Amino acid sequence: MTIPNTIFPPARVYAVEITGAELVTPRMRRIHLAGPDLVGFAAIPGQDVVVHLRTPTGPAHRRYTIRNLDATSGSLDLDVVLHGHGPGARWAEAAQPGERLEIFGPRGKVPLAPAARQVFVGDESAIPAIAEMAAALPPSTEITAIIEIADAAERQPLPPAVDVRWLVRDGGEPGTAELLAPALDELALPDADRHLYVFAESRVVRALRDLLLAKGVGPAEISAKGYWNKGRAMRG
Ligand SMILES: Cc1cc2nc3c(=O)[nH]c(=O)nc-3n(C[C@H](O)[C@H](O)[C@H](O)COP(=O)(O)OP(=O)(O)OC[C@H]3O[C@@H](n4cnc5c(N)ncnc54)[C@H](O)[C@@H]3O)c2cc1C
């Protein structure tokens with residue numbers, strides 16, 4: 001199986017400008033970034049950038065997955081969950097064309113695995129990574145995504161090869177394993193040639209990883225990363 005480049009490109013600060021922004025869904029806003037500094041920018045699918053934010057109380061740094069990278073023209077998109085709290089969500093809600101900012105990247109150390117069966121599990125914050133990574137997998141890969149969202153309006157297009165199972169909170173609180181754990185537990189997996197990625201709230205990620213280990217999935221068959229902390233701001 002051929003997997004795209006897994007050499008992590010070097011990271012540095014890039015000066016960029018917001019060239020546009022629009023809602024992808026009612027709770028996710030896409031921010032278009034561009035600038036000559038981004039020409040030649042290299043990243044592997046699912047890597048992210050740290051956005052340097054200025055807030056009334058000082059600088060803050062938040063990580064967002066790189067989407068739709070065009071290294072020739074020097075542009076990329078960030079899809080940000082508008083969850084209503086914190087400097088990252090506030091920035092994305094108010095972001096306007098013309099704003100200049102600095103990003104640092106690429107960050108992230110989760111490469112695609114060479115397995116015939118691949119499963120992505122996560123919440124809204126993981127949709128950008130799931131979309132980018134799934135799109136880069138060889139066409140012969142059997143791909144399932146189990147994604148928790150606030151409501152049905154948060155569904156968004158993913159690569160056609162992905163069998164997507166949307167789990168809708170419908171008023172339930174984000175950052176619990178209540179929907180994801182049973183869905184993952186029920187999923188039939190082959191005994192080998194498989195890989196699972198878990199990107200969600202940190203404690204949820206730990207619970208889902210433990211569930212997979214208890215099901216006999218090996219640590220090397222799991223890529224798990226906490227994307228946010230429930231009730232607590234990210235450091236930075
Ligand atoms: C490698 C990586 C890639 C990421 N990619 C993306 C991405 O592409 N898009 C994206 O939107 N996020 C992404 N995230 C998650 C994002 O960095 C965090 O959600 C971050 O906490 C947002 O900062 P904030 O300032 O909005 O909230 P914070 O200041 O960190 O937190 C403020 C409050 O909001 C709550 N909160 C934070 N995030 C969420 C959430 N998603 N849902 C509900 N409540 C939340 C916290 O529990 C806290 O109570 C990624 C994280 C990592 C580590």
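Since we're looking at a predicted model, the values are computed, not measured. (Residues numbered from 1 in each chain as written. Predicted model: local features only at pLDDT ≥ 70, side-chain atom pairs only at ≥ 80, totals over all residues. Heavy atoms only, no water.)

Splitting the chain by domain gives domain 1 (12-107) and domain 2 (117-228). Relative to domain 2, the C-alpha centre of domain 1 lies at a distance of 24 Å. Contact with domain 1, which involves 14 residues of that partner, is made by 16 residues of domain 2. Together domain 1 and domain 2 conceal approximately 1200 Å² of surface at their shared face, both sides included; 58% is due to carbon and sulfur atoms. The largest contributions to the domain 1 side of the interface with domain 2 come from R27, P45 and R67, which together make up 36% of the buried area. Inspection of the domain 1/domain 2 interface yields one salt bridge. Residue R67 pairs with E132 through a salt bridge whose shortest N-O separation is 3.1 Å. (Domains from an automatic or database assignment. Contact = heavy atoms within 4.5 Å. Buried area = accessible area lost by both parts, 1.4 Å probe. Salt bridge = Lys/Arg side-chain N within 4 Å of Asp/Glu carboxyl O.)

Our focus in this paragraph is the sheet that holds strand β12 (residues 222-228). One open sheet accounts for five strands, arranged β10-β9-β8-β11-β12; its pairing is parallel. Here the strands that pair on one side only, and so sit at the sheet edges, are β10 (162-168) and β12. The mean angle between the axes of side-by-side strands here comes to 10 degrees, regardless of whether they run parallel or antiparallel. Across six bridges, strand β8 (residues 117-122) lies against strand β9 (residues 142-149) in parallel orientation. By the bridge assignment for β9, F120 is matched with A145. (Pairing = 2+ DSSP bridges. Helix = DSSP H or I, 4+ residues; strand = E, 2+ residues; numbered from the N terminus. Axes fitted to C-alpha atoms, helices over the stretch in contact; angles between N-to-C directions.)

Following the criterion strictly, the structure yields five aromatic pairs and no others. Ring geometry for Y197 and F199: centres 6.4 Å apart, planes at 50 degrees, overall tilted. Taken individually, Y197 and F199 each receive the classification buried, so the pair is uniform in this respect. A centroid spacing of 5.2 Å and a plane angle of 5 degrees characterise the contact between F199 and Y227, whose relative ring orientation is stacked. Placement of F199 in strand β11 (residues 194-201) and of Y227 in strand β12 is noted, with a sequence separation of 28 residues between them. Since its relative accessible area comes to 2%, F199 is described here as buried. With a relative accessible area of 23%, Y227 lands in the partly exposed category. Aromatic ring contacts, followed pair by pair, group F120, Y197, F199 and Y227 into a single cluster. One Lys or Arg, R12, reaches over the ring of Y14 and ends 4.0 Å from the middle of that ring. The side chain of K109 reaches across the aromatic face of F8, ending 4.8 Å from its centre. (Phe/Tyr/Trp six-rings, centres within 6.5 Å; stacked < 30°, edge-to-face > 60°. Buried < 20%, exposed > 50% of the residue type's maximum accessible area, 1.4 Å probe, protein only. Lys NZ or Arg CZ within 6 Å of the ring centre and 35° of its normal.)

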